[in-house]
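Chain by chain, the residues:
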Amino acid sequence: KTEAEMFFRTFITEGRSLRELLTAEETFVDARLAEHYGIPAPEGEGFQRVSLAGLPRKGLLTQPGIMSVLSHPVTTSPVKRGKWVLEQLLCVNPPPPPPGVEIPPLDPVEGGSMREQLEEHRANPECASCHQLMDPIGLGLEHYDAIGRYRADEAGQPIDASGELPLGGGAFTDALGMVELLAQSEDFTACTTRKTLTYALGREVGNEDAPYIDEIVAELAAADATLESLLVAVATSDVFRMRRGEE
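Note that this is a predicted model, so its numbers are computed, not measured.

Procedures and definitions
- Sequence order as written defines residue numbering, which begins from 1 separately in each chain.
- Given that this is a predicted model, residues contribute local features only at a pLDDT of at least 70 and side-chain atom pairs are listed and counted only at 80 or more, while totals for whole chains, interfaces and linings are drawn from all residues.
- Each side-chain value is worked out from all heavy atoms of the structure, with water and hydrogens disregarded.
- In this text, helices come from DSSP runs of H or I with a minimum length of four residues, and strands from runs of E with a minimum of two, each type numbered from the N-terminal end.
- Type-normalised accessible area, obtained with a 1.4 Å probe on protein chains alone, sets the label of each residue: buried when under 20%, exposed when over 50%, and partly exposed for intermediate values.
- A contact between two residues is defined here by any heavy atoms of the two lying within 4.5 Å.
- All accessible-area figures derive from a Shrake-Rupley calculation using a 1.4 Å probe, and residue coverage is judged against the displayed protein chains alone.
- Note that the arc is defined by the directions from the helix axis to the C-beta atoms.
- Note: two strands are recorded as paired if DSSP finds a minimum of 2 bridges between them.
- An expected span of 1.5 Å times one less than the residue number is assigned to each helix.
- Within 3.5 Å is the distance limit for a polar contact, defined as a pair of N or O atoms, with the added protein rule that one can donate a hydrogen and the other accept it, and that residues adjacent in sequence qualify only through two side-chain atoms.
- For our purposes a nonpolar core is just a set of buried Ala, Val, Leu, Ile, Met, Phe, Trp, Tyr and Cys residues, chained together by side-chain atoms within 4.5 Å.

Description of the overall build of the chain
Secondary structure assignment for the chain yields 13 helices and six strands. Here the chain holds 247 residues, and 44% of them are scored as buried. Taking contacts inside the chain between residues at least 6 apart in sequence as the whole, the part at least 24 apart equals 60%. For the chain, the accessible surface area stands at approximately 13400 Å², while carbon and sulfur atoms represent 52% of it.

This is the structure we're talking about:
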């Protein structure tokens, strides 16, 4: 949690592009978290800024805290991870599962790799339409175990983290390639704008707000998509300035 908070604070104080939320090659660790990352402990007390150059990690999405929250207690969850990326970074909301469907966490040690088990899962027509969107993204993060440690293999087999983003977002070979595609996606910028505008307006953003979102996204493109430029664009937009208070 501390790592994520300190990392995000740099976007408030340093005028960084929001795309670096996904692609930054540095983070904040203390001695214990450095061990988790497999890097030397930083000098000094507490959390210090360190480089991730040369490591198989970039940005927020590969941080152990995020990966742990989006896992089961002892196994990863490509479904949870893929769903989170779709909903929080791309604003794509998969429909809910069919009524009465309860699927226990998969155990790749006993039943083959996670990818193999999910392929069998997607063979069910009731599940396929949603899981074809979620699973490839989640499997792209399979190099990070249930508590976010990097691993090269699973159940004795090399991990295949390749996949393709939905809606023509492009193919990737691993999480590092996936986050680069996400960061450059207009869908990511539009989704970030949509969620910020929802917070600012205090209501859900609907289709009638699409022109305002498009205007803000265009402003961000001209301002390197910094957090400051996003907040200014939202605060000066007509939809925010002319909003009506509660009656």
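Next comes the rest of the account.
Remarks on helix 12 (residues 227–235)
Within helix 12 the residues assigned to the buried category are Leu-227, Ser-229, Leu-230, Ala-233 and Val-234. Seen from one end, helix 12 has its buried residues packed into an arc of 165 degrees, which puts them on one side. In this structure, the buried side of helix 12 is in contact with helix 1 (2–13), helix 10 (186–201), helix 11 (210–222) and helix 13 (238–241).

Overview of the environment of Arg-194
Relative to the assigned elements, Arg-194 resides in helix 10. Expressed as a C-alpha distance, the spacing of Arg-194 and Glu-204, which sit 10 residues apart in the sequence, is 9.1 Å.

A short note on the pairing of strand 1 (residues 26–29)
Across the two faces of strand 1 the burial is the same, with Glu-26 and Phe-28 and Thr-27 and Val-29 all buried. As paired strands, strand 1 and strand 2 (residues 48–51) are joined by four bridges and run antiparallel to one another. The partner of Thr-27 across the bridge, within strand 2, is Val-50.

Examining unusual backbone geometry
A positive phi angle is found at Cys-91, which is not glycine, with a value near 55 degrees. Even without glycine at this site, Asp-224 takes up a positive phi of about 60 degrees. With respect to the secondary-structure elements, Asp-224 resides in the loop between helix 11 and helix 12.

With respect to helix 10
Between its first and last C-alpha, helix 10 extends 22 Å over 16 residues, near the 22 Å set by a 1.5 Å rise per residue. Residues Phe-188, Thr-189, Cys-191, Thr-193, Thr-196, Leu-197 and Leu-201 constitute the buried set of helix 10. Sitting at the amino-terminal end of helix 10 is Ser-185, which places a side-chain oxygen 3.0 Å from the backbone nitrogen of Asp-187. Looking one or two residues beyond helix 10, the residue adopting positive phi is Gly-202, at roughly 70 degrees.

Observations regarding the nonpolar core
In this structure, Leu-22, Leu-61, Leu-141, Met-178 and Leu-182 are the most contacted members of the largest nonpolar core, which totals 23 residues. At the level of elements, helix 4 (64–69), helix 5 (78–89), helix 8 (125–139) and helix 9 (175–184) are the ones that each hand at least two residues to this core. The biggest single contributor to this core is helix 9, with five residues. When residues no more than four places from it in sequence are discounted, the contact partners of Leu-22 are Lys-58, Gly-59, Leu-60, Leu-89, Val-179, Leu-182, Ala-183 and Phe-188. Within the second largest apolar cluster, 20 residues are counted, among which are Leu-18, Leu-220, Ala-225 and Ala-233.

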